[in-house]
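Take a look at the letters that make up each chain.
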Amino acid sequence: MCGIVGAVAERNVVQILLEGLRRLEYRGYDSAGVALIRENNLSIVKRTGKVQALVDAIDEDNGKGTTGVAHTRWATHGGVTEVNAHPHYSHDRFAVVHNGIIENHKYLRSELTQKGFEFVSETDTETIAHNIAANMAETGDLLQAVLTAVKGFEGAYGTVVIDKQNPNEMVVARSGSPLVIGLGIGENFVASDQMALFPVTRRFIFLQEGDVAKITRTSVTIIDSDGNEVEREATESNVQHDAGDKGTYRHYMLKEIYEQPDVIRNTLKERVTTDGLTDNLFGPNSDVIFEKTNYIKIIACGTSYHAGVTAKYWLEQYAGVHCDVEIASEFRYRKSFVPDNSLLITISQSGETADTLAALRLAKELGYMSSLAICNVDGSSLVRESEMSFMTKAGTEVGVASTKAFTTQLASLLMLTISIGQQKGMSSDVKSSMLAGLSSLPTKLEETLALSDEIEDLAEEFADKYHSLFLGRGDQYPIAMEGALKLKEISYIHAEAYASGELKHGPLALIDADMPVIVVAPNNELLEKLHSNVEEVRARGGIMYVFADKESQFESDETMRVVNVPNCKDAIAPIIYTIPLQLLSYYVALIKGTDVDQPRNLAKSVTVE
Ligand code: F6R
């Protein structure tokens with residue numbers, strides 16, 4: 001989603017800004033722009049499309065400045081046009097970039113229009129630029145002008161303002177959308193994500209909700225939401241930006257699919273042994289909190305939500321604790337009941353998803369006993385605001401469609417199930433079987449990846465299809481949901497997932513030879529039921545693609561193609577069966593020629609609701 005980079009220095013900052021934008025590119029965007037101040041001149045360059053188009057448009061004349069802001073925009077208000085791209089400006093003097101949504105922008109627009117301001121774009125952000133220009137006429141001080149302006153904003157913003165008449169400063173404000181200040185020597189920076197600034201600094205101040213800050217080359221002044229000047233601690237970041245390049249892989253997504261055995265090894269390392277799990281693995285006192293926990297609520301979005309649904313099956317079956325899972329955007333806007341001793345668990349790759357963060361904040365008000373974030377980004381807002389946190393060690397995930405982040409979430413949630421189960425009297429047999437399953441995971445994943453050629457071949461049959469149906473039962477139902485999400489995200493084929501038992505309650509009406517049915521059928525107590533579901537589809541002329549192990553006794557024939565997945569223990573089966581579905585969507589997308597790593601209309605980190 002949108003990205004921000006800003007700098008105030010003695011040197012020309014244009015390359016710092018452009019490199020920062022490149023590092024945020026994978027998050028998804030549709031236009032990019034930069035504003036630079038040099039000797040009281042303001043130049044703004046914007047382009048739709050990729051950052052490279054912006055780079056190509058920058059030359060000797062417009063590419064110099066010692067203070068500047070840059071932005072990648074993911075359109076919310078107003079179409080994808082150069083005019084709507086950021087930075088926005090007012091009076092040819094102030095330039096503004098903004099992440100988030102100013103919800104009362106219509107009201108602000110009409111108020112400012114009455115005052116004589118002329119709007120050129122359709123965006124909510126332009127109201128910020130004119131608002132600051134209006135306040136500046138009264139206060140003459142940029143920091144004061146921003147402090148006054150934010151009082152009138154409703155919604156979410158991470159915003160950076162520069163003024164050509166005050167060329168040695170930036171003023172930034174954060175509410176609902178992250179901003180981090182990067183500290184250099186004789187120069188300072190700001191960004192929506194620390195990763196954008198790694199080439200220039202590792203020292204950061206994370207702004208808190210409601211903070212407004214003035215940044216010069218040598219100083220940072222922060223005013224908190226109560227209007228008091230505050231000191232915020234600077235921290236040294238040890239976050240690894242290890243995305244590297246694609247190597248020999250054609251896409252990041254494929255690279256990330258193949259990284260799964262290794263990143264799961266990392267996620268398990270020094271946490272799981274054959275004897276058990278490290279004490280208090282999920283944070284200080286987590287074992288005591290788990291012992292007290294009577295009810296678990298899991299909150300997440302998208303793929304992370306699917307990890308949560310899988311965990312519900314595990315937590316209730318193996319740990320014997322009541323668990324519900326809810327989509328963050330639903331939870332945050334309804335009244336919910338909180339039983340005593342409830343634990344809130346959020347799951348997020350980025351740790352910056354607006355709805356998940358809002359749900360966490362709401363849960364605190366509702367009186368949850370404690371909160372645990374399962375997250376891939378250390379130092380993210382979700383991690384910082386939760387009482388306990390547990391890092392999935394997937395490394396940087398660049399492909400917009402989540403793969404390795406999902407399977408490391410699942411491995412972490414299996415560890416959580418054992419950890420909670422231990423406090424709830426899980427039998428030693430169940431525990432050792434789950435531990436053995438976890439330890440076998442990396443090797444089983446390697447064996448499963450060897451199915452790649454067979455799945456690539458099968459993908460040919462999907463290339464001319466418009467719709468598809470994914471079926472699973474028990475803890476494989478969320479895997480079917482995740483398989484359907486992957487296929488629609490990157491191949492743009494409509495895909496729906498159903499718990500197989502629901503077939504005859506409606507979706508069977510859809511079955512014909514043009515609607516491929518994908519079945520995940522591990523060999524467990526539900527296998528017989530799945531066999532019956534497969535027969536129901538066959539009787540209606542459906543074409544099936546079944547992922548099952550050899551003992552499941554599915555045979556390929558003219559209406560059914562069976563791909564044999566390695567045998568594995570029950571608990572880890574959802575993780576193993578995820579792999580063929582990821583590969584299937586990847587190869588279908590490849591045949592269809594879509595932008596696999598940055599599918600249309602999607603963003604990697606959804607920082608607005
Ligand atoms: C799908 C995908 C999204 C994310 C969702 C939540 O491939 O990546 O559905 O899972 O936007 O994002 P996080 O996990 O960062 O909170």
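The structure under discussion appears in the preceding block.
Owing to the predicted nature of the structure, the values given are computational and were not obtained by experimental measurement.

(A) Geometry of the sheet that holds strand β23 (residues 517-520). Ordered by their spatial adjacency, five strands build an open sheet running β22-β21-β23-β24-β25, and the pairing between neighbours is parallel. What marks the edges here is a single partner per strand, and that holds for β22 (494-499) and β25 (560-564). Direction aside, the axes of adjacent strands within the sheet are offset by 20 degrees on average. In this structure, β23 lies alongside strand β24 (residues 544-548), joined through four bridges in parallel fashion. Bridge pairing in β24 places valine 517 opposite methionine 544.

(B) Molecular detail of the site of the ligand. Taken together, 14 residues are adjacent to the ligand, and Ser304, Ser348, Gln349, Ser350 and Thr353 come closest. Note that an oxygen atom of the ligand is positioned 2.7 Å from one of the backbone N or O atoms of glutamine 349. Within the contact set of the ligand, an oxygen atom lies 3.0 Å away from a side-chain nitrogen or oxygen of lysine 486. Considering the ligand on its own, with 410 Å² of exposed area, one finds that the protein chains cover 90% of that surface. Counting residues per element, the ones that place at least two in the shell around the ligand are α9 (302-319) and α16 (477-491). Considering each element in turn, the shell around the ligand owes the most residues, three residues, to α9.

(C) Quick peek at empty space enclosed by the protein. Throughout the structure, instances matching the rule amount to two cavities of 30 Å³ or more. Lining the largest cavity we find Cys2, Arg73, Trp74, Thr76, His77, His86, His98, Gly100, Thr123, Asp124 and Thr125. Taken together, the residues of the lining of the largest cavity sort by class into two nonpolar, seven polar and two charged. The volume enclosed by the second largest cavity comes to roughly 60 Å³. What lines the second largest cavity is simply Met1, Cys2, Arg27, Asn99, Ser177, Pro178, Ser192, Asp193, Glu352, Ser605 and Thr607. Within the lining of the second largest cavity, the residues separate by chemical class into three nonpolar, five polar and three charged.

(D) How the structure looks around a nonpolar patch on the surface. Taken together, the side chains of Val83, Tyr89 and Val120 define a hydrophobic patch exposed on the protein surface, amounting to about 250 Å² of accessible area. Relative to the elements of secondary structure, valine 83 occurs in the loop between β4 (67-73) and β5 (88-90).

(E) Layout of unusual backbone geometry. The residue after histidine 86, namely proline 87, is reached through a cis peptide bond having omega 0 degrees. By the element assignment, proline 87 lies in the loop between β4 and β5. Backbone geometry places asparagine 280, a non-glycine residue, at a positive phi of 45 degrees. In this fold, asparagine 280 is placed in the loop between α7 (260-268) and α8 (286-292). On the basis of relative accessible area, asparagine 280 is assigned to the partly exposed category, the value being 32%. Even without being glycine, asparagine 601 reaches a positive phi, approximately 65 degrees. A relative accessible area of 62% places asparagine 601 in the exposed class.

(F) Highlighting the packing of α7 against helix α13 (residues 404-423). Following both chains from N to C, one finds α7 and α13 inclined at 35 degrees, their axes separated by 10 Å at the closest point. The hand of the α7/α13 crossing is right-handed. Two secondary-structure elements touch here, α7 through Gln260, Val263, Ile264, Thr267 and Leu268 and α13 through Lys404, Thr407, Thr408, Ala411, Ser412 and Met415. Residues of the contact of α7 with α13, tallied by class, amount to five nonpolar, five polar and one charged.

(G) Examining the sheet that holds strand β17 (residues 322-327) more closely. Taken in spatial order, the five strands of this open sheet run β17-β16-β18-β19-β20, and their pairing is parallel. The open sheet has two edge strands, β17 and β20 (388-391), and neither has a second partner. Averaged over neighbouring strand pairs, the angle between their axes works out to 20 degrees when direction is ignored. With six bridges connecting them, strand β18 (residues 342-348) and strand β19 (residues 370-375) associate as parallel partners. Bridge pairing links isoleucine 345 to leucine 372 in β19. Together, β16 (295-300), β17 and β18 form the strand contacts of α9, whose direction differs from that of β17 by roughly 170 degrees. In this fold helix α11 (residues 354-366) packs onto β16, β18 and β19, with an angle of close to 165 degrees to the strand it touches most, β18.

(H) Inspection of the pattern of salt bridges at higher detail. This structure, assessed with the given rule, holds 32 salt bridges. We note a salt bridge from glutamate 10 to arginine 217, for which the minimum N-O separation is 3.9 Å. Highlighted residues: glutamate 10 in the loop between β1 (3-8) and α1 (14-24) and arginine 217 in the loop between β12 (212-216) and β13 (220-223), separated in sequence by 207 residues. Among the ionic pairs, arginine 27 bridges to aspartate 193, the shortest N-O distance being 2.2 Å.

(I) Structural context of the environment of glutamate 447. Within the element layout of this structure, glutamate 447 appears in helix α14 (residues 428-449). Overall, the relative accessible area of 38% leaves glutamate 447 in the partly exposed class. Residues glutamate 447 and proline 261, 186 residues apart in the sequence, show an inter-C-alpha distance of 9.7 Å.

(J) Structural detail: helix α3 (residues 105-114). Along α3, the residues that are buried comprise His105, Leu108 and Leu112. The buried residues of α3 occupy an angular sector of 60 degrees when the element is viewed end-on, so they sit on one face. Within α3, the exposed residues directed more than 90 degrees away from the buried face are Lys106, Tyr107 and Gln114. Each element contacted by the buried residues of α3 is listed here: α4 (125-139). Glycine 116 sits one or two residues past α3 and shows a positive phi near 105 degrees.

(K) Quick look at the packing of α16 against helix α18 (residues 573-592). Two elements in contact, α16 and α18, have axes separated by 9 Å at closest approach and are oriented at 15 degrees. Here α16 lies roughly parallel to α18, going by the angle between them. Of the two possible hands of crossing, α16 and α18 adopt the one that is right-handed. Every residue of α18 that contacts α16 at Ile479, Gly483, Lys486, Leu487, Ile490 and Ser491 is listed here: Pro574, Tyr577, Thr578, Leu581, Ser585, Tyr586, Val588, Ala589 and Lys592.

What counts, and where the lines are drawn
- Residues numbered from 1 in each chain as written.
- Predicted model: local features only at pLDDT ≥ 70, side-chain atom pairs only at ≥ 80, totals over all residues.
- Heavy atoms only, no water.
- Pairing = 2+ DSSP bridges.
- Helix = DSSP H or I, 4+ residues; strand = E, 2+ residues; numbered from the N terminus.
- Axes fitted to C-alpha atoms, helices over the stretch in contact; angles between N-to-C directions.
- Near = heavy atom within 4 Å.
- Polar contact = N/O pair within 3.5 Å; in protein donor to acceptor, adjacent residues only side chain to side chain.
- Areas by Shrake-Rupley, 256 points an atom, 1.4 Å probe, with all protein chains shown as cover.
- 1 Å grid on protein atoms, 1.4 Å probe; cavity = no way out; pocket = protein on both sides within 12 Å on 5 of 7 lines; lining within 4 Å.
- Points joined across faces, edges and corners; volume = space filled by probe spheres on them.
- Nonpolar A, V, L, I, M, F, W, Y, C, P; charged D, E, K, R; others polar.
- Patch = residues over 30% accessible without salt bridge, like charges linked within 9 Å, V, L, I, M, F, W, Y side chains within 5 Å.
- Salt bridge = Lys/Arg side-chain N within 4 Å of Asp/Glu carboxyl O.
- Buried < 20%, exposed > 50% of the residue type's maximum accessible area, 1.4 Å probe, protein only.
- Left-handed = near helix turned anticlockwise from the far one by under 90°.
- Contact = heavy atoms within 4.5 Å.
- Arc of directions from axis to C-beta.
- Parallel < 35°, antiparallel > 145°, perpendicular 65-115°, else oblique.

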